[in-house]
Amino acid sequence: MIEFRGVTKQFPDGTVAVEGVDIVIPPHKTTVLVGSSGSGKTTLLRMINRMVDPTAGQVLIDGTDVATVEPVALRRGIGYVMQNSGLLPHRKVVDNVATVPLLRGTSKREARAHALELLDTVGLDRSLAEKYPAQLSGGQQQRVGVARGLAVDPNILLMDEPFGAVDPIVRAELQQELLRLQEELGKTVVFVTHDIDEAFLLGDQVVIMQQGGRISQAASPVEILANPADDFVADFVGARRGKRALHVTEVDGQRLVVDADGRPAGVLAS
Amino acid sequence: MNLVLDAIAWILDPTNWEGVGGIPQRLWEHLWISAVILLIAAAIALPVGVLVGHTGRGREAAVTVSGALRALPTLGVLSLFALWLGIGLRAPIPALVILAIPPLLAGAYAGIESIDRRIVDAARAMGMNERQIVGKVEVPLGLPIIVGGIRSATLQIIATATLAAYVADFGLGRFIFSGLKTRDYAEMLGGSILVIVLALVVDGAFALTQRLVVPAGVRATRFTELRSRPARPRAAVG
Amino acid sequence: MNWIWSNLDRVGELMLVHLALSVPAIILSFVVSVPIGWLAHRYRWASGVLLSLCALLYAIPSLALLIALPVFTGQRATSPVNLVVALTLYGIAVIVRTAADAFDAVERDVLQSATAVGYSTAGRFWGVHLPLAGPVLLSGLRVVIVSTVSLATVGAVTGVQSLGSLFTDGLQRGIQAEIIAGILATIVLAVVLDGLTVAVGRMVMPWSRPGMEAARSSSASPVEQADAA
């Protein structure tokens, strides 16, 4: 369990990225932080592994204040996946995945063998192991990034807009893959995105953030749609624009679900 | 073209290949002094440059220092040290070290700075400590530019060492100055040709090295680009 | 330091001589390099050949070039013209590369939109491409100013009068102040020429003030420019 208690972050230039955040991130679930740019969602995420230290308040992991843990050791126990994968361009795929275990002193043979298994886990062919990141497609690089994040079998996996830089078709594929993985592994996933649809798809808990780093609402997708906390949330999730106001219409004997503008959203299963 | 033939005849003349002050001795002097200078200057400038590039601190100072050093006329610095330390090897060595520092310093911090910050960020987020970030990520990825700095420093040293023969009895520059004194154009041109060949050979060797130190994974994408645009040294040519 | 005050005339005179050697070389190398740089930008084959030639030229030690040039020019190694030619060649070696980079760096979109709104080929070059490459060209020019002024002193060892003569003379006669005066005068000359160039650059390219994105390269120190390349 990760807990934020009265967390504020003000950068030296005076901008307040996060202000007075209190939130509990439950274990073995996916929590999605969603908001537009400048809402402080990435800052919040990076406070968990001390890439950013709060100026006030505490971040606790299983009751331990992270401020008391040495940052390098802390980071080696937490998986991290970022946009553009952040892979080391001068290392082969397998060595990229094995990086953290090697840093922790695992033998090279063992680390590489485990890395190959992880490639299976994220659905990559082992033949890619000896390639360099630049020789992979964007989607493949992201999968390698996920494998690397899982390499030390961490309890916590931080994902910072991991699917932000790939095209929509690949993104949908990766989202499904993550759902499957999460069912299998049951990690505590904290996921940052600016895409509300992605948040609703992946999140057990969705945290909606607004400018200035405040939390507008933190609840399950169902709860948010049913009871948006305020106008900002209602706007943000599109409830008021009618995007989510779906109704059924019949075309050629098929029952279609369409939104308020008449755009089709799907076919109603009978 | 007679001039060139005379110079080549001078180079090939067996008597110029013998004993004290012969071509092999001068060439050897030029090479080992250049190597020693390079080692001293690199030992000072490279760690500082890498540190500046890694932390971003002192960048302004590094830029200013290397800029100011570069505006110094090499002949003036050599003369001043010769006056202070006397004619001989003691004078050119500190002068040459000072003049070799700017390209080394600049190459080192520019090399580290050239790396995509997101890669460094990811390395830190994974749990690399600062030493590991420098050693396993920044230096290997910045190496082509760092070697570029070493390359221009080396050319600078070879050039200035030629000029240093003005104040010290060493190196291939001696032939040029002795030829100037006796108005023996064959000797000075012969000496110049030797210096030029030395510089071009060393430059070529560095060009090759620079290509070899491009990390394999980076070469896969950047090779063609590097080929058409070798990171060009801006050696001062003093 | 007494030496400096009693020899101000001589220093001033040598500064003028030094200017007469370096300014023509700077202007000449700039004028010659811009078209060559454009060729290197425009044609891929030319780029490889031209830039390699410049690289080779730049690797040649100055003293050796001063001695070897007369073979091609017919001038005496000790003549001022020989020195100016050598300085010009070094200048070209630097600016051609910067110029090619400068033209490369202008965004394709901008050029295409210029064509789209009806610029002719020549009009586009003079009206859009060249001015936009201007700030980077200026930075290359600044590098050459500093290096040329410093390099011109080397001619003193072959007998060409310049501020470098203060070094050779000071060393021979053991006058430390004379050498220091020479070093200072050389730096002052470089700084003044550089400042003038920056001022002219601002007048000609009023849009490239420091602080604006496009001006960042030109406002950076010339040295930094050279090293970043």
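Keep in mind the model is a prediction, meaning the values are calculated, not measured.

### Focus on the overall build of chain B
Phase 1 of the analysis: When helices and strands are tallied, chain B shows ten helices and zero strands.
Phase 2 of the analysis: Along the chain direction, N to C, the helices and strands of chain B fall in the order α-α-α-α-α-α-α-α-α-α.
Phase 3 of the analysis: Once the C-alpha set of chain B is aligned to its principal axes, its extents read approximately 65 × 40 × 25 Å.
Phase 4 of the analysis: Looking at the 238 residues of chain B, the share that counts as buried comes to 58%.
Phase 5 of the analysis: For chain B, the share of sequence-separated contacts (at least 6 apart) that also reach a separation of at least 24 residues comes to 74%.
Phase 6 of the analysis: Accessible surface, chain B: about 9,700 Å² in total, of which carbon and sulfur atoms supply 68%.
Phase 7 of the analysis: Computed over 21 positive and 15 negative side-chain charges, the separation of the two mean positions in chain B equals 8 Å.

### Digging into the packing of helix 2 (residues 8-42) of chain C against helix 8 (residues 121-151) of chain C
Residue and element names in this part refer to chain C.
Phase 1 of the analysis: Relative orientation of the contacting elements helix 2 and helix 8 amounts to 140°, with a least axis distance of 10 Å. Of the possible angle classes, the one that applies to helix 2 and helix 8 is oblique. The chirality of how helix 2 crosses helix 8 is right-handed. Of the residues in helix 8, those touching helix 2 at His 18, Ser 22, Ala 25, Ile 26, Ser 29, Phe 30, Val 34, Trp 38 and His 41 are Phe 125, His 129, Leu 130, Leu 137, Leu 141, Val 144, Ile 145, Thr 148 and Val 149.
Phase 2 of the analysis: Looking at the contact of helix 2 with helix 8, its residues break down into twelve nonpolar, six polar and no charged.

### Quick look at the interface of chain C and chain B
Phase 1 of the analysis: The partner chain B presents 48 residues to the 51 residues of chain C that form the contact.
Phase 2 of the analysis: Surface buried jointly by chain C and chain B totals about 4,300 Å² across both partners, of which 72% is contributed by carbon and sulfur atoms.
Phase 3 of the analysis: Together, Tyr 58, Ile 67 and Leu 171 of chain C form the three largest contributors to the area buried by chain C at its contact with chain B, with a combined 14%.
Phase 4 of the analysis: Here chain C is connected to chain B by two residue pairs in polar contact (both at pLDDT 80 or more).
Phase 5 of the analysis: Secondary structure elements with two or more residues in the side of chain C that touches chain B: helix 3 (44-59), helix 4 (62-68), helix 5 (70-73), helix 6 (80-105), helix 8, helix 9 (164-173), helix 10 (176-204) and helix 12 (222-228) of chain C.
Phase 6 of the analysis: Of the residues contributing to the side of chain C that touches chain B, the split by class is 32 nonpolar, 13 polar and six charged.

### Some remarks on the side chain of Glu 138 of chain B
Residues and elements named next belong to chain B.
Phase 1 of the analysis: Looking at the element boundaries, Glu 138 is found in helix 7 (residues 130-164).
Phase 2 of the analysis: Note on Glu 138: relative accessible area 0%, which makes it buried.
Phase 3 of the analysis: If sequence neighbours within four positions are ignored, Glu 138 has contacts with His 54, Ile 112, Ile 115, Arg 117, Val 120 and Ile 133.

### Re the interface of chain A and chain B
Interfaces are frequently sized by the accessible area removed from exposure as the parts join.
Phase 1 of the analysis: Residue-level contacts link 22 residues of chain A with 21 residues of chain B.
Phase 2 of the analysis: Both faces combined, the contact of chain A with chain B buries some 1,900 Å², and carbon together with sulfur accounts for 67% of it.
Phase 3 of the analysis: For chain A, the biggest contributors to the area lost against chain B are Pro 89, His 90 and Leu 103 of chain A; these three give 25% of the whole.
Phase 4 of the analysis: Linking chain A with chain B are one salt bridge.
Phase 5 of the analysis: Ionic pairing is found between Arg 46 of chain A and Asp 121 of chain B, a salt bridge with its closest N-O pair at 2.7 Å.
Phase 6 of the analysis: Between the two partners, chain A and chain B, sit four residue pairs in polar contact (both at pLDDT 80 or more).
Phase 7 of the analysis: Elements with a contribution of two residues or more to the side of chain A that touches chain B: helix 2 (71-76), strand 6 (79-82) and helix 4 (99-103) of chain A.
Phase 8 of the analysis: The residue inventory of the side of chain A that touches chain B, partitioned by class, reads eleven nonpolar, six polar and five charged.

### Focus on the pairing of strand 11 (residues 247-251) of chain A
Residues and elements named next belong to chain A.
Phase 1 of the analysis: Judged from the five bridges that link them, strand 11 and strand 12 (residues 254-258) form a sheet pairing that is antiparallel. Bridged to Val 248 within strand 12 is Val 257.
Phase 2 of the analysis: Counted along the chain from strand 11 to the antiparallel partner strand 12, the turn is two residues long, and its residue Asp 252 has a positive phi close to 50°.

### Digging into the layout of surface pockets
Phase 1 of the analysis: If you add up the space inside the second largest pocket, you get close to 550 Å³.
Phase 2 of the analysis: Mapped onto the lining of the second largest pocket, the elements with two or more residues apiece are helix 8 (173-182) and helix 9 (185-212) of chain B together with helix 9 of chain C.
Phase 3 of the analysis: With five residues, helix 8 of chain B is the single largest residue contributor to the lining of the second largest pocket.
Phase 4 of the analysis: Residue composition of the lining of the second largest pocket, grouped by class: ten nonpolar, six polar and four charged.

### Some details on the pattern of salt bridges
Phase 1 of the analysis: Taken as a whole, this structure holds 26 salt bridges over all chains when the rule is applied.
Phase 2 of the analysis: Arg 180 of chain A is the salt-bridge partner of Glu 177 of chain A, the closest N and O atoms lying 2.6 Å from each other. Of this pair, Glu 177 of chain A and Arg 180 of chain A both sit in helix 7 (residues 168-185), three residues apart, roughly one helical turn.
Phase 3 of the analysis: With relative accessibility at 17%, the residue Glu 177 of chain A sits in the buried group.
Phase 4 of the analysis: One salt bridge in this structure joins Arg 124 of chain B and Glu 130 of chain B, with 2.9 Å as the shortest N-O distance.
Phase 5 of the analysis: The network of salt bridges with shared partners includes Arg 143, Glu 173, Glu 177, Arg 180 and Glu 184 of chain A.

### Things to note about the side chain of His 18 of chain C
Residue and element names in this part refer to chain C.
Phase 1 of the analysis: By the secondary structure assignment, His 18 is in helix 2.
Phase 2 of the analysis: Among the residues examined, His 18 registers a relative accessible area of 0% and is labelled buried.
Phase 3 of the analysis: Among residues more than four places away in sequence, those in contact with His 18 are Val 149, Ala 152, Thr 153, Ser 162, Leu 163 and Leu 189.

### Some points on the UniProt feature "transmembrane region" (unreviewed entry) in chain C
Phase 1 of the analysis: UniProt's feature table lists "transmembrane region" (unreviewed entry) at residues 16-39, 45-69, 81-100, 143-167 and 179-200 of chain C, given in the numbering used throughout.
Phase 2 of the analysis: Taken end to end, residues 179-200 of chain C is 100% helix and 0% strand, and its two terminal C-alpha atoms sit 32 Å from one another.

### Examining the UniProt feature "domain: ABC transmembrane type-1" (unreviewed entry) in chain B
Phase 1 of the analysis: When the UniProt feature table is mapped onto this chain, "domain: ABC transmembrane type-1" (unreviewed entry) is found at residues 27-206 of chain B.
Phase 2 of the analysis: Summarising residues 27-206 of chain B: 85% helix, 0% strand, and an end-to-end C-alpha distance of 19 Å.

### Quick look at the sheet that holds strand 12 of chain A
Residues and elements named next belong to chain A.
Phase 1 of the analysis: On the basis of which strands lie adjacent, the open sheet formed by three strands has the order 11-12-13 and antiparallel pairing. Looking at the sheet topology across the chains shown, the edges are occupied by strand 11 and strand 13 (264-267). Each strand axis lies, on average, 40° off the axis of its neighbour in the sheet, ignoring direction.
Phase 2 of the analysis: Of the strand pairs in this sheet, strand 12 and strand 13 are connected by three bridges, and their pairing is antiparallel. Residue Val 257 lies in a different strand from strand 13, and its bridge partner there is Gly 266.

Reading the values: rules and limits
Residues numbered from 1 in each chain as written. Chains lettered and ligands numbered in written order. Predicted model: local features only at pLDDT ≥ 70, side-chain atom pairs only at ≥ 80, totals over all residues. Heavy atoms only, no water. Helix = DSSP H or I, 4+ residues; strand = E, 2+ residues; numbered from the N terminus. Buried < 20%, exposed > 50% of the residue type's maximum accessible area, 1.4 Å probe, protein only. Contact = heavy atoms within 4.5 Å. Areas by Shrake-Rupley, 256 points an atom, 1.4 Å probe, with all protein chains shown as cover. Lys, Arg positive; Asp, Glu negative; His and termini not counted. Charge placed at Lys NZ, Arg CZ, Asp CG, Glu CD. Axes fitted to C-alpha atoms, helices over the stretch in contact; angles between N-to-C directions. Parallel < 35°, antiparallel > 145°, perpendicular 65-115°, else oblique. Left-handed = near helix turned anticlockwise from the far one by under 90°. Nonpolar A, V, L, I, M, F, W, Y, C, P; charged D, E, K, R; others polar. Buried area = accessible area lost by both parts, 1.4 Å probe. Polar contact = N/O pair within 3.5 Å; in protein donor to acceptor, adjacent residues only side chain to side chain. Salt bridge = Lys/Arg side-chain N within 4 Å of Asp/Glu carboxyl O. Pairing = 2+ DSSP bridges. 1 Å grid on protein atoms, 1.4 Å probe; cavity = no way out; pocket = protein on both sides within 12 Å on 5 of 7 lines; lining within 4 Å. Points joined across faces, edges and corners; volume = space filled by probe spheres on them. UniProt positions renumbered as here; feature names shortened; annotations may be inferred.

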